[in-house]
Amino acid sequence: MLNNNKGLFFSIDMVLALIPIFILILTITNTNIFPTHPYITKNYFIEAQDTSELMAQCIGFDDYTILEEISQALSEGKDPIQAIVSARNIAEPFLKKNLGNRNYLLVEMNYLKGMEITSKGNFKDAKNVGVAVKTNGNYIYKLYVWE
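Residues numbered from 1 in each chain as written. Predicted model: local features only at pLDDT ≥ 70, side-chain atom pairs only at ≥ 80, totals over all residues. Heavy atoms only, no water.

Caption draft 1: Representation of the pattern of salt bridges in the model. A full pass over the atoms with the stated rule returns four salt bridges. Between Glu-47 and Arg-102 there is a salt bridge, with its nearest N and O atoms 2.9 Å apart. Of the two residues, Glu-47 sits in helix H2 (residues 38-57) while Arg-102 sits in the loop between helix H4 (80-99) and strand S1 (103-108), which places them 55 residues apart along the sequence. Across the pair, Arg-102 and Glu-47 agree in class, each one buried. Where Glu-92 meets Lys-96, a salt bridge forms, and the shortest distance between an N and an O atom there is 3.9 Å. In this pair, Glu-92 and Lys-96 are both assigned in helix H4, four residues apart and thus about one turn of the helix distant. Three or more residues are tied together by salt bridges with common partners; here these are Glu-47, Arg-102 and Glu-147. (Salt bridge = Lys/Arg side-chain N within 4 Å of Asp/Glu carboxyl O. Helix = DSSP H or I, 4+ residues; strand = E, 2+ residues; numbered from the N terminus. Buried < 20%, exposed > 50% of the residue type's maximum accessible area, 1.4 Å probe, protein only.)

Caption draft 2: Local environment of the packing of aromatic side chains. For the structure shown, the criterion picks out four aromatic pairs. Ring geometry for Tyr-139 versus Tyr-141: centroids 6.2 Å apart, planes at 20 degrees, classification stacked. In this structure, Tyr-139 and Tyr-141 share a single accessibility class: buried. An aromatic cluster of at least three residues, connected via ring pairs, comprises Tyr-111, Tyr-139 and Tyr-141. (Phe/Tyr/Trp six-rings, centres within 6.5 Å; stacked < 30°, edge-to-face > 60°.)

Caption draft 3: View of the sheet that holds strand S3 (residues 130-136). With respect to topology, four strands assemble into an open sheet ordered S2-S1-S4-S3, the strand pairing being antiparallel. Of all the strands in the sheet, the pair left with one neighbour each is strand S2 (115-120) and S3. Between one strand axis and the next, the sheet turns through 15 degrees on average, direction left out of account. Two strands pair when backbone bridges link them, and S1 and strand S4 (residues 139-146) are joined in this way by six bridges, in the antiparallel orientation. From the neighbouring strand, Leu-106 faces S4, where its bridge partner is Leu-143. (Pairing = 2+ DSSP bridges. Axes fitted to C-alpha atoms, helices over the stretch in contact; angles between N-to-C directions.)

Caption draft 4: Geometry of the nonpolar core. Counting residues in hydrophobic clusters, the biggest one holds 23 residues, and the most contacted among them are Met-55, Ile-70, Leu-74, Leu-95, Leu-106, Ile-117 and Tyr-141. When residues of this core are traced back to their parent elements, those giving at least two are H2, helix H3 (66-76), H4, S1 and S4. Residue contacts for Leu-106: discarding those within four places in its chain leaves Met-55, Ile-70, Ala-91, Leu-95, Met-115, Glu-116, Ile-117, Thr-118, Tyr-141, Lys-142 and Leu-143. Counting five residues, the second largest nonpolar core, distinct from the first, contains Leu-105, Ala-126, Tyr-144 and Trp-146. (Core = buried A, V, L, I, M, F, W, Y, C linked by side-chain atoms within 4.5 Å. Contact = heavy atoms within 4.5 Å.)

Caption draft 5: Structural detail: the packing of H3 against H4. Closest axis-to-axis distance for the H3/H4 pair is 7 Å, and the angle between their directions is 165 degrees. Of the possible angle classes, the one that applies to H3 and H4 is roughly antiparallel. Judged by the sense of rotation from one axis to the other, the crossing of H3 with H4 is right-handed. For the pair formed by H3 and H4, the contact residues are Ile-66, Glu-69, Ile-70, Ala-73 and Leu-74 on the first element and Ala-83, Ile-84, Ser-86, Ala-87, Ile-90, Ala-91 and Phe-94 on the second. Of the residues assigned to the contact of H3 with H4, the class counts are 10 nonpolar, one polar and one charged. (Parallel < 35°, antiparallel > 145°, perpendicular 65-115°, else oblique. Left-handed = near helix turned anticlockwise from the far one by under 90°. Nonpolar A, V, L, I, M, F, W, Y, C, P; charged D, E, K, R; others polar.)

Written out as structure tokens, the structure reads:
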């Protein structure tokens, strides 16, 4: 009878020793292999926010902000394609200057229903994207920034 108690305690001890091993295995199998670094995602978000804020605050040559100039170009254009080209001529130099080698996509959501105004890079291949939304009058602009 004494031998049976030792075997029972030995079995319980072995099962308890296996619990941390099972926890370790479950942790490893549940680990994300391709982690997204929060710093990178946050950095793109901050860049998008800062750039869109500059577009809303920086006054150009004719005493209008960049967003006001883009909105004016979109509203004055009789042909939507020509209006987008005029807006692109305003937005593109500003975004190239302020975002440098970053990729970006600027769209208008209200009247153009998400049509692209200007972009650099392939948005479909983007993995970590920062987004900023700004309004000017009835126009709603979304700026996407990624590497």
